[in-house]
Amino acid sequence: MAGRPVTRFAPSPTGLLHLGHAFSALTAARAGDFLLRIEDIDRDRCKAEYEQAIYDDLAWLGLDWPRPVMLQSDRMGAYRDALGRLAPLTYPCCCRRGDIRAALSAPQEGVLPAGPDGLIYPGTCRHRSMAEASPDDVIRLDVGRAFDAFGIDQIGFVDQGTAHQMTRRQFHDGIGDVILSRRGMGTSYHLAVVVDDAAQGITLVTRGKDLFDSTWIHVLMQRLLDLPTPIYLHHRLIRDDAGKRLAKRDDARAIRHYRDEGATPADIRAMVGLQDIG
Ligand code: GLU
């Protein structure tokens, strides 16, 4: 591939950035021309003060990015268009989590099958047409119909030089009919991220290994929407002393907390194991 990759960091402003975010953002910035995107589709959980904290903490870390920054909350029209294009492959679903659990747990009890989009949807509403959709419904992709319509047997992507593949059967059994539009939201993370990575011309997606399995969904969506599949780099996760992955509620690991204690950007880089590359 010619030229320098275009990378991005795409945090959701639902809390303060922690050491894991610092590692992710620094990894993206080192790997290519760095863009920032604010993933704020969940209006109930996103806060303006956290968005501002993202800008402040990243700038403090020494990162820079082109303005204006893409905000997903400004992009609802693009998500609506993409959903419209996929309409023949989608259906409205009124099942709540309890309905899905009940349908999945019969006849035997045990661990319910789940994948990167949550419980594997048993298909209860699959017969419904989009003409019947109500605002209380979510919109799901009929994965079987999608693979059929496009004659796809398997999908694949490259992560750090290694090719990964998934068959139609594996997708069906391990992921299922994913949600493309959440109740009252007009999109889902999966739809928005695919539309926006393409709109921003991202050629290398760097993000944590926790999102590796979501990438199958994204690659399928790219096929259906005729968008390019970028190269992926799913990086290691930063863990706390007990080995647990950091979460936004771990305020003690927030970049802001270390700043307040007098840490420098070089200290943060050292803490996440990036000290040797400046
Ligand atoms: N917005 C997602 C997050 O905060 C990251 C999405 C991505 O990198 O694809 O975890």
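By convention here, each chain's residues receive numbers from 1 onward along its written sequence. pLDDT decides what is reported in this predicted model: residues at 70 or higher carry local features, side-chain atom pairs at 80 or more are listed and counted, and totals for whole chains, interfaces and linings draw on all residues regardless. The side-chain figures draw on all heavy atoms in the structure; neither hydrogens nor water molecules are used.

Turning next to helix 3 (residues 76-86). Three exposure classes are used, based on accessible area relative to the maximum for each residue type with a 1.4 Å probe and protein chains only: buried under 20%, partly exposed in between, and exposed over 50%. Runs of E in the DSSP output that reach at least two residues are strands. Runs of H or I that reach at least four are helices, and both are numbered from the N terminus. For helix 3, the complete set of buried residues consists of Tyr79, Ala82, Leu83 and Leu86. Projected onto a plane normal to the axis of helix 3, the buried residues spread over an arc of 100° and lie on a single side. Of the exposed residues in helix 3, those oriented more than 90 degrees away from the buried face are Arg80, Asp81 and Arg85. What makes two residues a contact is simply this: any of their non-hydrogen atoms within 4.5 Å. Each element contacted by the buried residues of helix 3 is listed here: strand 4 (90-93), strand 7 (138-141), strand 10 (179-181), helix 7 (189-199) and helix 8 (214-224). Directions are taken from the helix axis to each C-beta atom, and the arc is the one they span.

This part is about the site of the ligand. Nearness is defined per residue: one heavy atom within 4 Å of the molecule or strand is enough. Around the ligand, the surrounding shell consists of Arg8, Ala10, Pro11, Ser12, Glu39, Tyr189, Val193, Arg207 and Leu211. In this structure, an oxygen atom belonging to the ligand sits 2.7 Å away from a side-chain N or O atom of Arg8. Whenever two N or O atoms come within 3.5 Å, that pair is a polar contact, provided that in protein one can donate a hydrogen and the other can accept it, and provided that, for residues adjacent in sequence, both atoms are side-chain atoms. Within the side chain of Glu39, one N or O atom sits 2.6 Å away from a nitrogen atom of the ligand. For the ligand, the protein covers 77% of the area, taking 300 Å² as the surface of the free molecule. Classification convention: Asp, Glu, Lys, Arg as charged; Ala, Val, Leu, Ile, Met, Phe, Trp, Tyr, Cys, Pro as nonpolar; all other residues, Gly among them, as polar. The residue makeup of the shell around the ligand, split by class, is five nonpolar, one polar and three charged. All accessibility values rest on the Shrake-Rupley procedure with a 1.4 Å probe; residue burial counts only the protein chains present in the view.

The pairing criterion for strands is at least two bridges between them, as found by DSSP. Taken in spatial order, the three strands make up an open sheet running 4-7-10, and their pairing is antiparallel. Looking at the sheet topology across the chains shown, the edges are occupied by strand 4 and strand 10. With strand direction ignored, the average angle separating the axes of adjacent strands in the sheet is 40°. Helix axes are fitted only over the stretch in contact, all axes being lines through C-alpha atoms; the angle between N-to-C directions runs from 0 to 180 degrees.

The next subject is the packing of aromatic side chains. Each pair of aromatic rings taken from Phe, Tyr and Trp, with Trp reduced to its six-membered ring, is defined by centres within 6.5 Å and is described as stacked if the planes are under 30 degrees apart, edge-to-face if over 60, and tilted in the remaining cases. For the coordinates displayed, the defined rule picks out seven aromatic pairs. Every member of this aromatic cluster is reached through a ring pair, and the members are Phe157, Phe212, Trp216 and Tyr232. Whether a charge sits over a ring comes down to the Lys NZ or Arg CZ being within 6 Å of the ring centre and within 35 degrees of the ring normal. Its end group placed over the ring of Tyr121, Arg140 keeps NZ or CZ at 3.9 Å from the ring centre. A cation over a ring is seen here: Arg236 above Phe23, with NZ or CZ 4.3 Å from the ring centre.

A word on the nonpolar core. Nonpolar cores are built from buried Ala, Val, Leu, Ile, Met, Phe, Trp, Tyr and Cys residues. Side-chain atoms within 4.5 Å join them into one set. One finds Leu141, Phe171, Leu191 and Met221 to be the most contacted residues of the largest nonpolar core, which totals 37 residues. Within the residue set of this core, elements represented by two or more residues are helix 3, strand 7, helix 5 (143-149), strand 8 (154-159), helix 7 and helix 8. Here this core takes six residues from helix 8, the largest share from any one element. The residues contacting Met221, other than those within four sequence positions of it, are Leu86, Leu141, Leu180, Leu191 and Val194. Ranked by size, the runner-up nonpolar core spans 27 residues in total, among them Ala25, Val69, Ala263 and Leu274.

Once that is clear, we can look at the environment of Arg4. Mapped onto the elements, Arg4 comes out in the segment before strand 1 (6-9). When the C-alpha positions of Arg4 and Asp33 are compared, they lie 6.8 Å apart, and in sequence the two are 29 residues distant. Excluding its chain neighbours within four sequence positions, the residues that come into contact with Arg4 are Ala29, Gly32 and Asp33. There is a polar contact of 3.1 Å between the side chain of Arg4 and the backbone oxygen of Gly32. Of note is the side chain of Arg4, whose polar atom sits 3.0 Å from the side chain of Asp33.

This part takes up unusual backbone geometry. That bond from Arg67 to Pro68 is cis: its omega, -5°, falls within 30 degrees of zero. Even without being glycine, Gln160 reaches a positive phi, approximately 50°. Positionally, Gln160 belongs in the loop between strand 8 and strand 9 (162-167). The phi torsion at Asp226 lies on the positive side, around 60°, for a residue other than glycine. Mapped onto the elements of the fold, Asp226 is located in the loop between helix 8 and strand 12 (231-235).

Turning our eyes to something else, we now look at the pairing of strand 8. On strand 8, burial follows the alternation: Ile155, Phe157 and Asp159 on one face are buried, whereas Gln154, Gly156 and Val158 on the facing-out side are not. As paired elements, strand 8 and strand 9 share six bridges and run antiparallel to each other. Across the sheet, the residue bridging to Gly156 is Gln165, located in strand 9. Connecting strand 8 to the next strand, strand 9, in antiparallel fashion are two residues, including Gln160 with a positive phi near 50°.

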